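# Structural overview for review
Okay, here's what each chain looks like letter by letter:
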Amino acid sequence: YLPIQKVLSELEKLWQRGARNFKFIDRTFNINITFGVQLLEYFLSKEEDFFVHFEVIPDNFPDELKILLQKFKKNSLQLEVGLQTLDLQIAKNIKRNLKLEKIFENIKFLNQTQAHLHLDLIVGLPGESLRSFANNLDLLINITNSEIQIGILKKLSGTTLDRHDQIFGMIYNDFPPYDILKNNLIDFFEMQKMKRFARFWDI
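The following paragraphs examine the structure supplied in this document. As the structure is a prediction and not an experimental result, all values here were calculated from the model. (Residues numbered from 1 in each chain as written. Predicted model: local features only at pLDDT ≥ 70, side-chain atom pairs only at ≥ 80, totals over all residues. Heavy atoms only, no water.)

## Concerning the sheet that holds strand S1 (residues 21–23)
Basically, it comes down to this: We treat two strands as partners when DSSP finds at least two bridges between them. Secondary structure elements are taken from DSSP: a helix is a run of H or I of four residues or more, a strand is a run of E of two residues or more, and numbering for both begins at the N terminus. Lines fitted to the C-alpha atoms define the axes, with helices restricted to the stretch that makes contact. Angles between their N-to-C directions range from 0 to 180 degrees. Any two residues having at least one pair of non-hydrogen atoms within 4.5 Å are treated as being in contact.
Read from one edge of the open sheet, 5 strands run S1-S2-S3-S4-S5, paired in parallel fashion. Of all the strands in the sheet, just S1 and strand S5 (147–152) have a single pairing partner and so form its edges. Shown here is a sheet whose adjacent strand axes are inclined to one another by a mean of 20°, direction ignored. In the sheet, strand S4 (residues 116–123) pairs with S5 via 6 bridges, with the strands oriented parallel. Paired with aspartate 120 across the two strands is glutamine 149, which belongs to S5. The strands touched by helix H6 (residues 130–143) within the sheet are strand S3 (77–84), S4 and S5, with S4 carrying the most contacts at an inclination of about 165°. Packed on one face of the sheet, helix H7 (residues 188–202) meets S4 and S5 and runs near 150° to S5.

## Describing the environment of isoleucine 152
To keep things clear, this is the line we draw: Summary of the burial criterion: residues with accessible area below 20% of their type's maximum are buried, those above 50% are exposed, and those between are partly exposed, where the area comes from a 1.4 Å probe applied to protein chains only.
Inspection of the secondary structure assignment puts isoleucine 152 in strand S5. The class of isoleucine 152 is buried, set by a relative accessible area of 12%. For the pair isoleucine 152 and isoleucine 122, spaced 30 residues apart in sequence, the C-alpha separation works out to 5.5 Å. Excluding its chain neighbours within four sequence positions, the residues that come into contact with isoleucine 152 are Ile122, Val123, Asp179, Ile180, Met194, Lys195 and Ala198.

## Let's talk about the side chain of glutamate 128
Let me state the cut-off plainly: In this tally Asp and Glu are treated as negative and Lys and Arg as positive; neither His nor the chain ends contributes. Take a side-chain nitrogen of Lys or Arg and a carboxyl oxygen of Asp or Glu: if they are within 4 Å of each other, that pair is a salt bridge. In protein, a polar contact requires one atom able to donate a hydrogen and another able to accept it; more generally it is a pair of N or O atoms within 3.5 Å, and residues adjacent in sequence count only if both atoms are side-chain atoms.
Examined against the element boundaries, glutamate 128 turns out to sit in the loop between S4 and H6. Buried charged residue glutamate 128 carries no salt bridge. Nearest counter-charge: arginine 96, at 10 Å. Polar contacts involving the side chain of glutamate 128 include one to the side chain of serine 132, which spans 2.8 Å. Those residues in contact with glutamate 128, other than ones at most four positions away along the chain, are Thr85, Asp87, Ile90, Ile122, Phe133, Asn136, Leu185 and Ile186.

## Some details on the nonpolar core
Filter applied, for reference: Here, nonpolar core refers to any group of buried Ala, Val, Leu, Ile, Met, Phe, Trp, Tyr and Cys residues whose side-chain atoms link them within 4.5 Å.
Ranked by size, the top nonpolar core spans 59 residues in total, and within it Leu11, Leu39, Phe43, Val52, Phe54, Leu69 and Leu79 carry the most contacts. Among the elements that line this core, the one with the most residues is helix H2 (residues 33–44), at 7 residues. Excluding its chain neighbours within four sequence positions, the residues that come into contact with valine 52 are Phe22, Phe24, Phe43, Phe72, Ser76, Leu77 and Gln78.

## Some remarks on the packing of H6 against H7
This is how the line gets drawn: Here roughly perpendicular refers to angles of 65 to 115 degrees, roughly parallel to angles under 35, roughly antiparallel to angles over 145, and oblique to all remaining angles. Crossing handedness: left-handed means the near helix sits turned counterclockwise from the far one by under a right angle, and right-handed means the same turn made clockwise. Following the grouping adopted for this structure description, the nonpolar residues are Ala, Val, Leu, Ile, Met, Phe, Trp, Tyr, Cys and Pro, the charged ones are Asp, Glu, Lys and Arg, and the polar ones are all others, Gly among them.
At a closest axis distance of 13 Å, the pairing of H6 and H7 adopts a crossing angle of 15°. As the angle between them shows, H6 and H7 are arranged roughly parallel. For the pair H6 and H7, the sense of crossing is left-handed. Between H6 and H7, the contacting residues are Leu130, Phe133, Leu137 and Ile141 on the first element and Glu190, Met194, Phe197 and Trp201 on the second. Among the residues forming the contact of H6 with H7, the class breakdown is 7 nonpolar, no polar and 1 charged.

## Concerning unusual backbone geometry
Each neighbour pair has its own omega, and for proline 176 with proline 177 the value is 10°, a cis peptide bond. One can find proline 177 in the loop between strand S6 (171–172) and strand S7 (180–182). Non-glycine residue asparagine 75 carries a positive phi angle of around 70°. On the secondary structure map, asparagine 75 appears in the loop between helix H3 (63–69) and S3.

Below, the structure written as structure tokens:
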């Protein structure tokens, strides 16, 4: 992390130059609550309209964060909630520690705020079949009216995802966006169908 005062100072420079639309690309905005709280307080101190976008992990919304999130008015805040999967075994495969009860509790809370929510699920994760992906999607639809994003797994060169390649038969495109072509549970033709499904779902 950069020192928070430096971040706030740089944000203020942008604000003074007329910026009103801010997108933070840190995928775990709410992992450091002290840092996150000060960012939210910065934007809430502004009287003019603005729009700010954060990507968040779904299981870390302590009360001090919830109090601030409830203060944002409509069309001022977007939260992208990185779920990827709701299957505990699949989460274990990709070294994500899912706390499902806490996640469901937080989604219920976020549904009651004015924030625009995106919740994401990923097709092609190691060990995830089409059936388990469908179960995830059904579950998510039943607990939120927010926008659900369906993504296709991608692997950038050098990332630790390659530890799964042989075990799960993961084959990726050699060219950008380096998306998965097939694995041992979803063959090439099924994966192409799911890519089209993701596109249609988005439309």
